[in-house]
Amino acid sequence: MTTETERLNAITAWWGLPFAGNSGAIDHNLRLWQGFAVKLQKICADAYDAEVNAVSDRTGRLGQSFQALMQCRNPNDLLSAQAQMVAVIHEGASLRAKRWSELSERLHDCCASIAQDAANDLNAQVSEKEQQATKPGRRQAN
């Protein structure tokens, strides 16, 4: 990884980017993005696991309700079994909407965090450049 970082530093220096002389900046940015990718992967994996478990549970409950429907002998039992099937379907839809809402919120928080970190890094770079520009013994640009 060190060789690739050095190559990336050389490219950014050739492009004249302000952070090119600081090899730690590229390493820091790579670590930030790697952490961001790991967080996103965990969030999506958690959401996927929750959905798979819910679908498995819902499928089992629908299967039981369908068996109860096939064993009905009078109209009241038939209506009860149908109502149970509809309740399972609606409960599943409600839980899915809740999981999507939670997933959206977690993704938003993760993206907002990386954006805030990037803004803080840029502010630190700008203030560092301003401090370097106003050091005694150097002329300030007018």
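Residues numbered from 1 in each chain as written. Predicted model: local features only at pLDDT ≥ 70, side-chain atom pairs only at ≥ 80, totals over all residues. Heavy atoms only, no water.

Participant: For the pattern of salt bridges, give the residues involved together with the corresponding values.
Facilitator: Across all of its chains, the model carries seven salt bridges by this definition. In this structure, arginine 96 and glutamate 51 form a salt bridge, with 3.0 Å as the shortest nitrogen-oxygen distance. Of this pair, arginine 96 sits in helix 3 (residues 75-133) while glutamate 51 sits in helix 2 (residues 23-70); the two residues are 45 residues apart in sequence, bridging distant segments of the chain. Residue arginine 96 is classed as partly exposed on the basis of its relative accessible area of 33%. The residue arginine 61 makes a salt bridge to glutamate 91 at a minimum N-O spacing of 2.8 Å. Here arginine 61, found in helix 2, pairs with glutamate 91, found in helix 3; they are 30 residues apart in sequence, far enough to count as distant. Judged by relative accessible area, arginine 61 falls into the partly exposed class, the value being 25%. Three or more residues joined by partner-sharing salt bridges are found here, namely Glu51, Arg58, Arg96 and Arg99. (Salt bridge = Lys/Arg side-chain N within 4 Å of Asp/Glu carboxyl O. Helix = DSSP H or I, 4+ residues; strand = E, 2+ residues; numbered from the N terminus. Buried < 20%, exposed > 50% of the residue type's maximum accessible area, 1.4 Å probe, protein only.)

Participant: How would you summarise the side chain of arginine 58 if you had to cite specific residues and measurements?
Facilitator: The topology assignment puts arginine 58 in helix 2. Beyond its immediate chain neighbours, meaning those up to four positions away, arginine 58 contacts Glu51, Val88, Gly92, Arg96 and Arg99. (Contact = heavy atoms within 4.5 Å.)

Participant: Go over the packing of aromatic side chains, please, and point to the residues and values.
Facilitator: Per the stated rule, a full pass over the model turns up one aromatic pair. When the centroid spacing of 5.4 Å and the interplanar angle of 90° are considered together, the rings of tryptophan 33 and phenylalanine 36 count as edge-to-face. You can see tryptophan 33 and its partner phenylalanine 36 sitting in helix 2, three residues apart, about one turn around the helix. (Phe/Tyr/Trp six-rings, centres within 6.5 Å; stacked < 30°, edge-to-face > 60°.)

Participant: Which residues make up the nonpolar core, and what are the values?
Facilitator: In this structure, Phe36, Ile43, Leu103, Cys110 and Ile114 together form the largest nonpolar core, which totals five residues. Secondary structure elements with two or more residues in this core: helix 2 and helix 3. With three residues, the single largest contributor to this core is helix 3. What leucine 103 contacts, discounting residues up to four positions off in sequence, is Ile43 and Ala47. (Core = buried A, V, L, I, M, F, W, Y, C linked by side-chain atoms within 4.5 Å.)

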